[in-house]
Amino acid sequence: IITLSRMINGNYYDFILFILVLSTFALCKKIYLDQKFEKKKLIYAYRYGCMLLMFGMVADYLINGGNNGRFRALGDDCNYTAISLFVVFMISLIAYGYSIDLKNNRFYLIISLIFGLLTGSRGFMLAVGVAFAFFGIRGIVKKGDRRIIVLAIIGILIIIGLYFMNFSFAVNLYNATIGRTINYMESYSNGDFMDITSGRFFLWKYYWANKVTNIKEFLFGIGFYNYYLVENGGYGLAAHNMYLSGIIGVGFIGLLAMMSLFLSFFDRVSLGVIKNKAFLAIPIGVFTEYMMLDGLFDQRIIIYMLMAASLANCFISLKKGDRQIS
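Note that the structure is a prediction, hence the values are computed from the model and not measured.

What follows covers the confidence of the model for the protein chain. Of the residues in the protein chain, 82% reach a pLDDT of 70 or more, and the chain-wide mean stands at 83. Note on residues 322-326: pLDDT is under 50 here. Beyond four places in sequence and across chains, it has zero contacts.

A separate point is the side chain of Thr-288. Within the fold, Thr-288 resides in helix α13 (residues 281-289). Here the side chain of Thr-288 touches Ile-284 through a polar contact of 2.7 Å, landing on its backbone oxygen.

The next subject is the nonpolar core. The biggest cluster of nonpolar side chains holds 89 residues, and the ones touching the most others in it are Phe-135 and Val-286. Per-element tally for this core: the top contributor is helix α4 (residues 78-97), with 13 residues. With residues near it in sequence (within four places) discarded, Phe-135 still touches Met-90, Leu-93, Ile-94, Asp-145, Ile-148, Ile-149, Ala-278 and Ala-281.

Below, the discussion takes up helix α11 (residues 242-263). Three or four residues apart is the spacing at which side chains of an α-helix point the same way, because the helix has 3.6 residues per turn. With 22 residues, α11 should cover 32 Å at 1.5 Å per step; its first-to-last C-alpha distance of 15 Å lies more than 12% under that length. In the structure, α11 departs most strongly from a straight axis at Val-250, where the bend amounts to approximately 115 degrees. Where α11 begins, the capping side chain belongs to Asn-241, and its oxygen is found 2.9 Å from the backbone nitrogen of Tyr-243.

Before going further, it helps to examine the environment of Leu-53. Relative to the helices and strands, Leu-53 is located in helix α3 (residues 39-64). Residues Leu-53 and Ala-73 lie 20 residues apart in sequence; the distance between their C-alpha atoms is 5.8 Å. In this view, Leu-53 contacts Ala-73, Thr-81, Ser-84 and Leu-85; residues no more than four positions away in its chain are not counted.

This next bit is on the packing of α4 against helix α6 (residues 122-138). Relative to each other, α4 and α6 sit at 25 degrees, their axes nearing to 10 Å. In terms of axis orientation, α4 runs roughly parallel to α6. Seen from above, α4 lies across α6 with right-handed handedness. Where α4 abuts α6, its residues Ala-82, Leu-85, Phe-86, Phe-89, Met-90, Leu-93 and Ile-94 lie against Phe-124, Ala-127, Val-128, Ala-131, Phe-132 and Phe-135.

Here the focus is helix α2 (residues 12-33). Taking 1.5 Å per residue as the helical rise, α2 with its 22 residues ought to reach 32 Å, and the 32 Å between its terminal C-alpha atoms agrees with that figure. Turning to α2, its buried residues are Asp-14, Leu-17, Val-21, Thr-24, Phe-25, Cys-28, Lys-29, Ile-31 and Tyr-32. Seen from one end, α2 has its buried residues packed into an arc of 160 degrees, which puts them on one side. Facing away from the buried side of α2, by more than 90 degrees, are the exposed residues Ile-16, Leu-27 and Lys-30.

So, how was this worked out
- Residues numbered from 1 in each chain as written.
- Predicted model: local features only at pLDDT ≥ 70, side-chain atom pairs only at ≥ 80, totals over all residues.
- Heavy atoms only, no water.
- pLDDT = per-residue confidence, 0-100.
- Contact = heavy atoms within 4.5 Å.
- Helix = DSSP H or I, 4+ residues; strand = E, 2+ residues; numbered from the N terminus.
- Polar contact = N/O pair within 3.5 Å; in protein donor to acceptor, adjacent residues only side chain to side chain.
- Core = buried A, V, L, I, M, F, W, Y, C linked by side-chain atoms within 4.5 Å.
- Buried < 20%, exposed > 50% of the residue type's maximum accessible area, 1.4 Å probe, protein only.
- Expected span 1.5 Å × (residues − 1).
- Bend = angle between axes of the 7 residues up to and from the residue.
- Axes fitted to C-alpha atoms, helices over the stretch in contact; angles between N-to-C directions.
- Parallel < 35°, antiparallel > 145°, perpendicular 65-115°, else oblique.
- Left-handed = near helix turned anticlockwise from the far one by under 90°.
- Arc of directions from axis to C-beta.

Below is the structure:
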């Protein structure tokens, strides 16, 4: 209703984009609920797509000489590329921790982590860190999560060791993430965009003050289309925060509706009753990373939710198999 109302003022962009999102959601939900589609094959298809994405990352780097030493998929942004790889990494990690039989799982675990780190996305590292914290808390009582944390600690120690041994991969990784952040902190006095978030704090403050000026705008927004242009009262850059830009676009009501849409993949109708919630590390990490990016109407989010739900379904099938054997 909100996006349809935008058409009165000539903003067809929001409505068409939402229809694309809704169509993607309907298709993915239908595929997920259809018992003919084996959930492992859905995961395999996604991983294969991400493998092609990685080839694209190498091609983009070679053709364009790299994006400040960072890798990205063809025609994409480093941070959005990183989210796709984060999902592959989490699928592999959870499958390892809970002994879910996925083909070539170790290969995808390693390759997704390497290419995810090559994006230089601090959002990727933040999402992984939040997921590890989630596993760490659950690891108090869950054996599978303890296996994940032990593997994570080993991986971190290996990367630290490679850095001190002056391996170029580890050194470049440090420079593209932690080193870059430290440089921003040291240069903060030189301008608004020299803080540790590359200016996101400034943008968030600006858009909250200039685009959410009354209760109507807060509840229903003003539209996504070109909200960031200077002539439309924007700063010239997007807000780089899905929740803030979501309020700007469709308001707090629209934001809640979209989040409910995404999370509907995890209701009881879809998943049944399941006590283990390790797979929720995927949406937790994804929604953490989108704190640094626009994208409430990003169709890829629905794909990520489909992958998390599919992995949960694999776990349910595994437990049912155990009960049948016993």
